[in-house]
Structures are given as C-alpha cells and as structure tokens.
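Listed below, chain by chain, are the residues.
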Amino acid sequence: MSDLDVFREEVRAWLVENCPPSMRTPMGNDEDVVWGGRKANYKNPEAKLWLDRMGAKGWTAPTWPKEYGGGGLSKEEASVLGQELGRINARPALASFGLWMLGPVLLEYATDEQLKEHLPPIVRGEIRWCQGYSEPGAGSDLAGLQTRAVLEGDEYVINGQKVWTSYADKADAIFCLVRTDTSTKHEGISFLLIDMDQAGVTTKPIKLISGNSPFCETFLDDARTPARNLIGRLNGGWEIAKKLLQHERTNISAGGFGAGGRSAALEEVAKEYLGAEGGKIADAVKRDEVVRHKMLERAFAQTLKRMSAESKAGEVSPASSIIKYVAAEMNKDRMELLVEIMGLQALGWSGDYFSAEGLATTRGMLRSKANSIEGGTTEVNLNVIAKRVLGLRDHQ
Amino acid sequence: MGLVLDEEQTILKDSAKAFFAEQAPVTAFRKLRDSNDETGFSRDLWSAMAEMGWAGIIIPEEFGGLDFGFQGLTLVLEEQGRNLTASPLVSTVLLGAGALLEAGTEAQKNALLPMIAAGELLMTVAIDEDHHFDPANTALAAKADGDGYVLTGEKTFVLDGHVADKIIVLARTSGEKGDRKGLTLFLIDGTAGGVTRERLDMLDSRNAARIKLDQVKVSSEAVMGPIDGGYDALSKVLDRAMIGLSAEMLGGAAAVFEMTLEYLKERRQFGQLIGSFQSLQHRAADMFTQLELSKSVVMTAATAMDEGSNEIASLASLAKAFVSETSNQVTREGIQMHGGIGMTDEHDVGLYLKRSRVAEHTFGSAGYHRDRYARLNDY
Ligand SMILES: Cc1cc2nc3c(=O)[nH]c(=O)nc-3n(C[C@H](O)[C@H](O)[C@H](O)COP(=O)(O)OP(=O)(O)OC[C@H]3O[C@@H](n4cnc5c(N)ncnc54)[C@H](O)[C@@H]3O)c2cc1C
C-alpha cells in the first residue's frame, strides 16, 4: 500500500468516528452554512462539534502549516481528504473569508508573528473576517479607494467608508484596503487588519433584490488598529490586494457559487416539472438546453481539475479570472434555466402555494445576478484575461 | 394608424406618459408592495384611468366605450409598463373586455361592457391549471346539470383573480386534458357560492390568484361562445392579451434601458465614464437595436389587430416571443451595468427584472410562442 493509501484509510476511519450524522446530509438552505466567529449561533450543536473536530485537526485548512494551526497536508493528501469528505457527503465544516481569501495572502506576505496571531483562530473558526475593499467611488477601479489611514504613535487611525461589505454586521474583523499615501494611486495603498468590535466601526445592512441583507455599508470613523496589523510593506498593499482577489476568484467560484451541491440536479428538476417520456425530459428544446448546461458544468469541473494539477498547493494566477468568469455566468444561466423549467412555481415570492424548491429558485435566480459583479465583475475579469493573460493593450 | 402614430395617437401617448409619470410612478408601486396592499393596485387610480377613457378604450361607443382602437390600448400599456404601474388594465380590459367582445352574448355585452368602461367592474379570465401556460391542458370540469352546468376544479395564476367581480372560466365540457376540443368559456361571479380565492404572493408583487371551484352552479346564460369551441374563441382573446402584454414589457424594458444609458453617462471609474468602455458601448447599442426591433413587432401586431388581419395569431406570438427575450436581456444587462447598486432593493432596476420574469411567463413564454409560431406557419 502506498503512503497515500495508508493516509486514505486513516482519513476514512477518522471520518467514521468524527463526522456527526447530521453533517452528512445535504444542506437545507443558507442558514445551514457555518461561518464561525464570536457572534456565531449554532442551531445544530453537531455543526459546532464538526467544526471543533475539523478545526482541531487543522483540516478546515488542510494545506496550511501545522505550526499555524493548519493540517500540514501535501497537495495530494489534501485532495484525498477532499475525496473522502465528498464520499460521505460531508458538509463543509467551515465557510470563511479567512480560509478562502485572507489566510492565503497572510501565508505569502505576513510575518511569523502575524501568522501565529491570525491563522489559528481562522482555522478553528473563532474569528470571522469580512472584506473591506469596495467603496462608493471605487468598485471596478478598486485602486481609486479613498479610505485614509494615518499612523499616530503605534496605531493607525482610519477614516472613510466601505460599501457592499458582505456580512460586515456578522464579522469580528475586517481586512481593509486603505490609502496611506495620497500622492500616488496604486503605490499609496496599504493592507490593514482591523478589529470591528470598537466604536469607530459601524455597519448598516443593505437589502438585496432577493430580499436578504447579506451586505453592508461599513463606516470607519477614527477607527483604530495597532501598527503591527499592517500586512506587508507600508504602501505595498496593492500587490496583496490583487493576490487576494485571485484567491477569492479561485476559491469562491470553484464552488460554483454554492450551486449544484446544495440543490437538485438540473435534469431531475426538468423531468419533474416538464414531464418525462421513457425516462427522457419530455420537452425536446429544454432537454437540449439542459444538456448544454450539463456539458458546460463538466467542462468547467475538468478545467478546475487541470488548473489545480498544473499549480502548486495554494498558488494562484491571473487565470483565476477564467474560473471566476465562467462560474459566474454559468450559475446565472443555470438559475434562469431553472426558472424557465419550473415556470410559475419559480415566480413566487412567499407562501404555501409555492414549493420550498420553487421559492429557493426564485430567490436564487435573483441572488445569482450578483455573481458577475461580486469579486470583480465579468467585464473586469475579461479585461484581466485580455490584458494580463493575452497581453492585449489599450490604444497604443 | 399603423407604423407611424397619427395625431390622435400621439396625443394619447403623450397624455398617458404624463398621467402615469405623475399619478402612478414607480414610487407608487413600491408603496403598494411595501405596505402589502390587499387590493394590489389603487382603485382611485383605476377610476382616474377610466375617466381618461382607458378602461373603455377598445369598447365600442354603443357600450359606453371610446372605440379608439387596439393600438391605442397598447400605447397606454406601454406607458404603464414604463412606470411599473399596477392596474387592472390587463385583466379587465385585455382579457375581460376582450373576451366579451370576442365571445360574449348581446345580453352579456350590454350588461357588462358599459360597467367596464366606467371603471366599475373588474374582470379576469381563469386559464392556467399548473405551472406552465397551455390552455389545452384544462381539466376543470363543467358538467351539464338540468339547463345549466356545474363547475368543479382549480385554476391558478388568475390575474387580479382575488378582486375580480366577474371571472371567465375556461372549463372542459368534453374530451380530455390536453385536447383543444371540448373546452367552453363560462362567466361566473367572483363571489359565487363554491368559489374560494387565494391571492398568491408573486415575485413581481402584482396580483395573481389561485381559485377553487367546488360544485359552482351556473345557468346556460353563463356560457360564452360556442360549447366545446372555447379554445378558438379564447385564442383570439389571448392574441390581444399577448400583444398588449408585449407592449407593457416593451415600456418596462425601455425604462430600464434609459436608466442604464443614463448611468453609463454618469458613473465614473478609472477616471472616465463607464460609458466610454467599448465593451459596454456595444452592448448598449445592441440593447437599443433589440428594442427597435421589439417596437416594430409590437406596432405591427397592434395594427394588424385593428385591421383584422388574418395573420394576427402569428404576429402575436412573434411579439410575445421577441419582446420577452428583449426584456430578459435588457433587465439582465441593466443590473450588470449598474454593478453593486443594481443588486439593491432600493434601486428600481431589480423591480423591473422581477416584473419582467413574471410577464415573460404570462400567456406563454418565449419558447411556447416560438413553438406556436412554428405550428401556425407549418414549420
Ligand atoms: C453581493 C455582493 C457582495 C459583495 N461583497 C463585497 C465584499 O464583501 N467586499 C467588498 O469590498 N466588495 C464587495 N462587493 C462589491 C463588488 O466587488 C463591486 O460591486 C464590484 O467590484 C463592482 O464595483 P461597482 O459596484 O462599483 O460597479 P462599477 O465598477 O461602477 O461598475 C459598473 C459597471 O461598469 C463596468 N465596468 C467598470 N469598469 C469597466 C471597464 N474598465 N471595462 C468594462 N466595463 C467596466 C462594470 O463591469 C459594471 O458592469 C460585493 C458586491 C455584491 C454585488
């Protein structure tokens, strides 16, 4: 037996012992996602148990070094762990911007001290992070940001406004892009970590078209953070910011924005709502559309696999824009197709008349419209591909 | 009349534009939605619309109407769509008055059309029974009983069904679910014994209801049009409804396009207007082009209706299929080009997208109408 096979056996045995039964069932809705943090509220105690056990093993962050609380696994071992988790349909123990975005750039840019302070609480789901990038005047043109940070003694004092900050009202801390030099654009940006549990930070939820309020305006009024919370060089934040976006694009999109895993397969829904003849989707046109989508999903999954095989563990590149672009457009199309297939059942807003599946589809279709906006718009990602990957330039 | 508005039509369009912008702008619709208004539209507004003559715009003068022509109605609907105005124009005029004109007996017309024109009677037609539009799929049974009928079954997605005074029900008098033959239209009271109505809370916050009929007894005078021949009669009514709804969607899509175009000329990123980026310019130009095509199909279909062309069914399906797709595209792009702000409930673009998705599905989706068009033209 190879080392990897031995490892697989161990993982399997551990999961049998440690993954609680309710954590092997499909998630019902967004409320079942475990985000951790000080304000977390565990409806299901087994969710907390599962997080604690995975966190203690470091398997919420399988490839992070052991000394920072991670699993210390090789890329191959991590992939085995992923397969075994998938085999028993285990729910992710932890969903976290700390795992997907902040941690990976800390590993690249932070000091040993900073890593020891910030990584372990991320791995264990103790601190929930949010992303303070966008501002009212700085969206696609992120480097146009105006939030100011000024060093006073051994603290930075921060003033400005962030917007569209996902889950800011539920987060404990924010990783923030701030302006530390107003005389230049990209070279005047720094990357700061800020505790949100202070008077200088307030959040105001914004309601989405889907009826939920997952994001906020975040106001920084004389907010303070110790100087040691500067990551990387002063005025060296832009490089980190871009790197983090690549992780965001890779990690969030790879999950297909939560599609697939959490809902019934497209073809089954089509058979149910359009009828089946001899096991085939009865409506030939819709059948073709469903197949087209299934093939795209497959091609996407194969591309993810290929790109991940080509890169080292945790490494990202501008090609992450390909993943983000495809995943966003794919999920939007999937949701529109589902609405078409389900018809009236997916055009309700609330009430018993509509199936839970139908209502989730309506809201999901609306929410999916943001997929091509959040984490960099489709246009921005296509620009990245055209410029940074293909080397095409604006007018010369 | 025709592809260029005449003077009277231009005046009508202008007054409709001013009327809706003043009396029923998007903020009014938002208020209805946020207060969970039980009627789902303003009865005062409907009275005012009736005073403008719009409730009776396609009703002949002998029945108290304006007899302005169908194209006039589409102009009003377009302006209504532009402002997301909630009103019973589709249910009561397009469907109700439409059905009476097409299939009503003299007695029915005499009794009801003047009341519709005066804005005093709300009507609707109950067609759908499941989640996809297909009138032939009617199972709701009408059994002969003495010299009348007894109706039992269930309808859904009945526009303004919870407030309609009179409901025209598509029922099966013979044959089986799926057959086009064997369907008959019946006129019943919204509050008749055995009728229960439940308002559905829809994505677009407009009115639709589920209606149950439990042994509802009607006399033979309730029959509209030929017995067992209701499908063809209804098809003609639906042609009107499809064209009218396409006009409403055209107005909504035009409004989204205009607000998006304005945003392209106002929002700056990278030190320039986002409208200066060619990738957005081309898509804006494409949307404009699709809207131009949409306008043509709606005007052509409306004109054909007034002229009694024998190609109306095809033209109605063309309009509904084409405008549904354009509206889908424009509302999608509208949100995308607004970025984060387009995703907020506070911005209007999302309201238009919600209305569009429901309207796209009402009276048959684009796919349904492409299929119907192919059938009608022997493809
Ligand atoms: C649900 C959701 C969650 C979010 N969560 C977060 C978060 O947690 N933290 C955070 O910091 N931000 C978050 N965002 C913000 C997101 O990153 C921004 O909305 C996004 O970057 C776009 O910026 P904007 O909204 O200002 O749009 P704008 O940049 O104003 O864009 C408007 C339109 O112009 C287009 N455009 C802009 N520049 C170009 C160009 N050069 N070429 C072609 N087209 C162009 C855009 O693609 C878009 O279609 C979130 C957004 C959403 C919708």
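If you're wondering where the values come from, they're calculated on a predicted model, not measured in any experiment.

**As for the overall build of chain A**
So, step 1. Along its length, chain A carries 11 helices and 11 strands.
So, step 2. For chain A, the spread of C-alpha atoms along the principal axes amounts to about 75 × 55 × 45 Å.
So, step 3. Taking all 396 residues of chain A together, 49% fall into the buried category.
So, step 4. A distance of 2 Å separates the average location of the 49 positive side-chain charges in chain A from that of its 54 negative side-chain charges.

**Side note on the interface of chain B and chain A**
So, step 1. Listed as interface residues are 34 residues of chain B and, on the opposing side, 40 residues of chain A.
So, step 2. For the pair chain B and chain A, the summed buried surface comes to about 3,000 Å²; carbon and sulfur atoms form 63% of the total.
So, step 3. Considering only the side of chain B, the residues that lose the most area to chain A are H131, Q336 and M343 of chain B, jointly responsible for 22% of the buried surface there.
So, step 4. Where chain B touches chain A, the interface holds 2 salt bridges.
So, step 5. Across the salt bridge formed by R283 of chain B and E379 of chain A, the nearest N and O atoms sit 2.8 Å from each other.

**Description of the domain arrangement of chain B**
Residues and elements named next belong to chain B.
So, step 1. Per the domain assignment, the segments making up chain B are domain 1 (7-121), domain 2 (125-228) and domain 3 (231-376).
So, step 2. Placing a centre on the C-alpha atoms of domain 1 and another on those of domain 2 gives a separation of 23 Å.
So, step 3. Taken together, the contact between domain 1 and domain 2 spans 26 residues of the former and 20 residues of the latter.
So, step 4. Interface of domain 1 and domain 2: buried area, both sides summed, is about 1,600 Å²; carbon and sulfur atoms make up 60% of it.
So, step 5. Where domain 1 meets domain 2, there are 0 salt bridges.
So, step 6. The tally of links from domain 1 across to domain 2 stands at 11 residue pairs in polar contact (both at pLDDT 80 or more).
So, step 7. For the side of domain 1 that touches domain 2, the secondary structure elements donating two or more residues are α2 (26-34), α5 (89-103) and α6 (106-117).
So, step 8. For the side of domain 1 that touches domain 2, the class distribution of residues is 12 nonpolar, 9 polar and 5 charged.

**Thoughts on the site of the ligand**
So, step 1. If you check the shell around the ligand, you find 28 residues, and the closest are S134, S140, W164 and T377 of chain A together with R267 of chain B.
So, step 2. Nearby residues around the ligand are contributed by chains A and B.
So, step 3. Contact between the ligand and W164 of chain A: a nitrogen atom at 2.9 Å from a main-chain N or O atom of the residue.
So, step 4. Coverage of the ligand by the protein chains reaches 95% of its 970 Å² of free accessible surface.
So, step 5. The set of elements that each furnish at least two residues to the shell around the ligand consists of β3 (155-166) and α11 (378-389) of chain A together with α8 (278-307) and α9 (312-338) of chain B.
So, step 6. The dominant element in the shell around the ligand, judged by the number of residues it contributes, is β3 of chain A, at 3 residues.
So, step 7. Taken together, the residues of the shell around the ligand sort by class into 10 nonpolar, 14 polar and 4 charged.

**Let's talk about helix α1 (residues 3-18) of chain A**
Residues and elements named next belong to chain A.
So, step 1. Under the 1.5 Å per step criterion, the end-to-end length of α1 is 22 Å for 16 residues, consistent within 8% with the ideal 22 Å.
So, step 2. Inspection of α1 places F7, V11, W14, L15 and N18 among the buried residues, and these make up the whole buried set. Buried positions in α1, seen along its axis, are confined to an arc of 100 degrees and lie on one side of it. Pointing more than 90 degrees away from the buried face of α1 are the exposed residues V16 and E17.
So, step 3. Residues of α1 that are buried in the fold lie against α2 (45-57) and α3 (75-87).

**Brief notes about unusual backbone geometry**
All names here are of chain B.
So, step 1. Even without a glycine there, the phi angle at D67 is positive, about 50 degrees.
So, step 2. For D67, the location among the structural elements is in the loop between α3 (43-51) and α4 (70-82).
So, step 3. In this structure D67 comes out as partly exposed when scored by relative accessible area, which is 44%.
So, step 4. With a phi close to 55 degrees, L84 is a non-glycine residue in the positive phi region.
So, step 5. Of note, L84 is situated in the loop between α4 and α5.

**Some remarks on the nonpolar core**
The tendency in soluble globular proteins is for nonpolar side chains to be buried as a group.
So, step 1. Ranked by size, the top nonpolar core spans 133 residues in total, and within it W54, L73, M202 and F363 of chain B carry the most contacts.
So, step 2. Excluding its chain neighbours within four sequence positions, the residues that come into contact with W54 of chain B are L12, S15, A16, F19, F20, M49, V76, L89 and V93 of chain B.
So, step 3. Counting residues in each nonpolar core, the second largest holds 58 residues, with W129, L142, F191 and A241 of chain A among its members.

**Observations regarding the state of the cysteines**
When the sulfur atoms of two cysteines share a covalent bond, that bond is a disulfide.
All names here are of chain A.
So, step 1. In this structure the tally under the stated criterion is 0 disulfides over all chains.
So, step 2. Looking at the unpaired C130, the closest cysteine sulfur is the one in C176, lying at 8.0 Å.
So, step 3. The exposure class assigned to C130 is buried, which follows from its relative accessible area of 0%.
So, step 4. Considering cysteine sulfurs only, C130 is the nearest to C216, which forms no disulfide, with 8.0 Å between them.
So, step 5. Residue classification places C216 among the buried positions, given a relative accessible area of 0%.

Parameters at a glance
- Residues numbered from 1 in each chain as written.
- Chains lettered and ligands numbered in written order.
- Predicted model: local features only at pLDDT ≥ 70, side-chain atom pairs only at ≥ 80, totals over all residues.
- Heavy atoms only, no water.
- Helix = DSSP H or I, 4+ residues; strand = E, 2+ residues; numbered from the N terminus.
- Buried < 20%, exposed > 50% of the residue type's maximum accessible area, 1.4 Å probe, protein only.
- Lys, Arg positive; Asp, Glu negative; His and termini not counted.
- Charge placed at Lys NZ, Arg CZ, Asp CG, Glu CD.
- Contact = heavy atoms within 4.5 Å.
- Buried area = accessible area lost by both parts, 1.4 Å probe.
- Salt bridge = Lys/Arg side-chain N within 4 Å of Asp/Glu carboxyl O.
- Domains from an automatic or database assignment.
- Polar contact = N/O pair within 3.5 Å; in protein donor to acceptor, adjacent residues only side chain to side chain.
- Nonpolar A, V, L, I, M, F, W, Y, C, P; charged D, E, K, R; others polar.
- Near = heavy atom within 4 Å.
- Areas by Shrake-Rupley, 256 points an atom, 1.4 Å probe, with all protein chains shown as cover.
- Expected span 1.5 Å × (residues − 1).
- Arc of directions from axis to C-beta.
- Core = buried A, V, L, I, M, F, W, Y, C linked by side-chain atoms within 4.5 Å.
- Disulfide = S-S within 2.5 Å.

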